[in-house]
Amino acid sequence: MWQALNQGCAGVGVGAEVHLPGLVGAQFDGDGQVRDGQATCSLVGPLGQLQPRTGKNVSETGVFPFLRVVETVEIKMPNRQVTRFVRLHHRVSGAFDPARDPQSPQQMAHQRGFARAQITLQLDVAISDGRWARQCLGKGLGVLFAVPHTVRAVCSYNRRVTAVRTQIDPLVLWPQVQTWARELGFSQIGVTGVDLSTSEPGLQAWLAAGFHGSMDYMAAHGLKRARPAELVPGTVSVISARMDYLPMNTQGDWVALENARAQRPGEAVVSLYARGRDYHKVLRARLQKLQDQLARHIGPFGHRVFTDSAPVLEAELATRSGLGWRGKNTLVLQREAGSMFFLGELFIDFALPFSEPVSAHCGQCSACIDLCPTAAIVGPHQLDARRCISYLTIEHEGPIPEELRPLIGNRIYGCDECQLVCPWNKYAQRSTLPDFDVRPGWAGETIAALLAWDEAEFLRRTEGSAIRRIGHARWLRNLALAAGNALASPETQPLQAQLLKTRLQALSGHASAVVREQVDWSLAQAR
């Protein structure tokens, strides 16, 4: 490789050297053994597991991961096409200290330098001005790799080798990605990086306070939620997307209509977002289509799609991506869309220009805090999930605390109260997709009618719905609780009350102890 570099540059006058605001991704094998589809053992893979300052020769700037400290320069050569160069400002052959990193001896380069060593290089647009380069020059004895700009190179991601383009102009690419996203039904997309370190103290405090309740997976993943590059090694940027979910035929006075449901004790209320197709399926499929479109344009790249399905700080990524600000109810708010939208993410292994965050516009308003039925919003941006109706009816498996049961009313799956009282939701937008249209049984149905569903009917009715994930027993627990509140209400008519009692009595011998206990409590509420 060194001979090739020397031969390519010997005797060639340099006409200009320009920092490029682009991205170069390439993998080099000193022995030329890398081929498409060939699994490799990368010198530095997976990239996201690199730790700062663990190597002998890592720059004092502490850039992490250090392999992103690269720059591209353009060299104009007489009688030759313009050639792209990548300069790495660290001496890679001594970059890892086996005493500090004993688990990864295979990542050590050969003593002869780059013999059989492979390395993935990426340029972050944030350092394209050469700022980091100027700090690192002279400290790492920069190494040059030559990459003709017209060829396709080999790039390793998550231990697989794929062909990728050697240059991407993100400033040209991003507007096209936005167009594709709109065509796929997304309301807005934005980009941010992987450094969420400033959110870690808040996450730790929330977990330490026990506000996650019985969601043990929240604590099990620890700070990985705030470290995208640990969750998906090699991640450089995160594309955040939002999708409006109000049904297409939603009436103009929809907030008043939803508030009226809470005043009808015999009606079962399902949260607005869950009345249509499972949003996990909708967003995941469309984010994957966005990735496919992007891959067709630039070539294969490392990626992973998320939609409320992994340890990801979705709201934090969304706000940093410019999709809105964090409301006092912890949801993301947008001036032109309120908060009635879903969020999803596409983790990618190359850099795109970051979106500008937006300022908060809650002001002195505290409606969501003041009007939360169970006082779950304990302060601005602080939610105690243990008191939240959405948590209690969806995530919580055991008996619902008795002191909270009357406050839940007739809500059987989720809660929209903090959104219904938010002034910004007068700007909530209708979805452009039929996926979120209301399915039969999810709006205006009675508690008694839903209590009559056996498990087979429940599974049939919830096919393709987010509601299925709670299972039939938890579904019955929620309905039984709502039935007890209806029996305690003076608004419930005698015939309706008698039907509710009959339905509850039929469940008194249910296999689930949680259901049986809830049924006993609910029958005791009868006036």
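Rules used throughout
- Residues numbered from 1 in each chain as written.
- Predicted model: local features only at pLDDT ≥ 70, side-chain atom pairs only at ≥ 80, totals over all residues.
- Heavy atoms only, no water.
- Helix = DSSP H or I, 4+ residues; strand = E, 2+ residues; numbered from the N terminus.
- Buried < 20%, exposed > 50% of the residue type's maximum accessible area, 1.4 Å probe, protein only.
- Contact = heavy atoms within 4.5 Å.
- Areas by Shrake-Rupley, 256 points an atom, 1.4 Å probe, with all protein chains shown as cover.
- Pairing = 2+ DSSP bridges.
- Axes fitted to C-alpha atoms, helices over the stretch in contact; angles between N-to-C directions.
- Phe/Tyr/Trp six-rings, centres within 6.5 Å; stacked < 30°, edge-to-face > 60°.
- Lys NZ or Arg CZ within 6 Å of the ring centre and 35° of its normal.
- Polar contact = N/O pair within 3.5 Å; in protein donor to acceptor, adjacent residues only side chain to side chain.
- Core = buried A, V, L, I, M, F, W, Y, C linked by side-chain atoms within 4.5 Å.
- Salt bridge = Lys/Arg side-chain N within 4 Å of Asp/Glu carboxyl O.
- Arc of directions from axis to C-beta.
- pLDDT = per-residue confidence, 0-100.
- Parallel < 35°, antiparallel > 145°, perpendicular 65-115°, else oblique.
- Left-handed = near helix turned anticlockwise from the far one by under 90°.
- Nonpolar A, V, L, I, M, F, W, Y, C, P; charged D, E, K, R; others polar.

Moving on: the overall build of the protein. Broken down by element type, the protein carries 18 helices and 17 strands. The 527 residues of the protein split such that 55% are buried. Restricting to contacts in the protein with at least 6 residues of sequence separation, those with at least 24 account for 77%. Accessible surface computed for the protein: about 23,700 Å², of which carbon and sulfur atoms make up 50%.

Below, the discussion takes up the sheet that holds strand β14 (residues 341-348). Taken in spatial order, the 4 strands make up an open sheet running β8-β9-β14-β11, and their pairing is antiparallel. Across the chains shown, the open sheet's two edge strands, defined by having one partner strand only, are β8 (188-192) and β11 (303-306). Across the sheet, the mean angle from the axis of one strand to that of its neighbour is 20°, orientation sign disregarded. Two elements, β8 and strand β9 (residues 237-244), share 5 bridges in a ladder whose sense is antiparallel. When the bridges of β9 are listed, Q188 appears paired with R242.

Among all residues except glycine, the phi angle is most often negative; among peptide bonds, the trans geometry is most common. A positive phi angle, close to 50°, is found at D308, a residue other than glycine. Within the fold, D308 resides in the loop between β11 and α9 (314-320). The backbone of H381 sits at a positive phi, close to 65°, despite the residue not being glycine. Tracing the backbone through its elements, the reader meets H381 in the loop between β15 (377-379) and β16 (382-383). On the basis of relative accessibility, which here comes to 41%, the residue H381 falls in the partly exposed class.

In this section: the packing of aromatic side chains. For the coordinates displayed, the defined rule picks out 14 aromatic pairs. Here W424 and Y427 contribute two aromatic rings whose centre-to-centre distance is 5.9 Å and whose plane-to-plane angle is 40°, an arrangement assigned as tilted. For Y427, a relative accessible area of 37% corresponds to the partly exposed category. Here a set of aromatic residues connected by ring pairs shows up, and it is made of Y245, Y273, Y279, F342, Y413 and F436. The ring of F341 carries the charged tip of R242 above its face, separated from the ring centre by 4.9 Å. A cation over an aromatic ring shows up here: R405 above the ring of W521, its NZ or CZ 5.3 Å from the ring centre.

In this section: the side chain of D349. Relative to the helices and strands, D349 resides in the loop between β14 and α10 (367-370). Look at D349 and you get buried, because its relative accessible area is 6%. One polar contact links the side chain of D349 to the main-chain amide nitrogen of G302, over a distance of 3.0 Å.

On to the nonpolar core, then. Formed by 67 residues in total, the largest nonpolar core has its most connected members in F186, I412, Y413, F436, L451 and W475. Excluding anything up to four places from it in sequence, F436 contacts M243, D244, Y245, P247, G276, R277, Y279, V282, L283, F342 and S431. I369, C372, Y391 and I408 belong to the second largest nonpolar core, which has 23 residues in total.

To continue, consider the environment of G484. One can find G484 in helix α16 (residues 471-488). For G484 and Q518, which are 34 residues apart along the polypeptide, the C-alpha to C-alpha distance reads 8.6 Å. Excluding anything up to four places from it in sequence, G484 contacts W521, S522 and Q525.

Let's shift gears to the environment of G471. Take G471: it is sitting in helix α16. In the structure, G471 is positioned 12 residues away from L459 in sequence and 8.4 Å away in space, judged by C-alpha atoms.

What follows covers the pattern of salt bridges. All chains considered together, the criterion is met by 16 salt bridges. Measuring nitrogen to oxygen at the nearest pair gives 3.9 Å for the salt bridge that ties R277 to D435. With a gap of 158 residues between them, R277 in the loop between β10 (269-270) and α8 (279-298) and D435 in the loop between α13 (417-420) and α14 (447-451) connect regions that are remote in the sequence. Since its relative accessible area comes to 31%, R277 is described here as partly exposed. Note on D435: relative accessible area 21%, which makes it partly exposed. Salt bridges sharing partners connect three or more residues here, namely E258, R261, R264, E267 and R275.

Since the α-helix turns once every 3.6 residues, residues separated by three or four places project in the same direction. When we look at burial in helix α18 (residues 513-523), the residues that qualify are V514, V515, Q518, V519, W521 and S522. Burial along α18 is one-sided: seen end-on, the buried residues are contained in an arc of 165°. For α18, the N-terminal cap is S512; the gap from its side-chain oxygen to the backbone nitrogen of V514 is 3.3 Å.

So, on to the confidence of the model for the protein. Averaged over the protein, the pLDDT score is 76; the fraction of residues at 70 or greater is 68%. Across residues 1-166, where pLDDT falls below 50, the model places 322 contacts with residues more than four positions away in sequence or in other chains.

Here we take up the pairing of β9. Summarising burial for β9: 8 of the 8 residues are buried, a large majority. Where burial is concerned, the two faces of β9 agree: the one with S237, I239, A241 and M243 and the one with V238, S240, R242 and D244 are both buried. Bridge count between β9 and β14: 8 bridges; the pairing is antiparallel. When the bridges of β14 are listed, S240 appears paired with E345.

Moving on to the packing of helix α17 (residues 494-505) against α18. At a minimum axis distance of 10 Å, the contact between α17 and α18 shows a crossing angle of 155°. Our classification of the angle between α17 and α18 gives roughly antiparallel. For the pair α17 and α18, the sense of crossing is left-handed. Across from K501, L504 and Q505 in α17, the residues of α18 making contact are V519, S522 and L523. In the contact of α17 with α18, the residues fall into 3 nonpolar, 2 polar and 1 charged.

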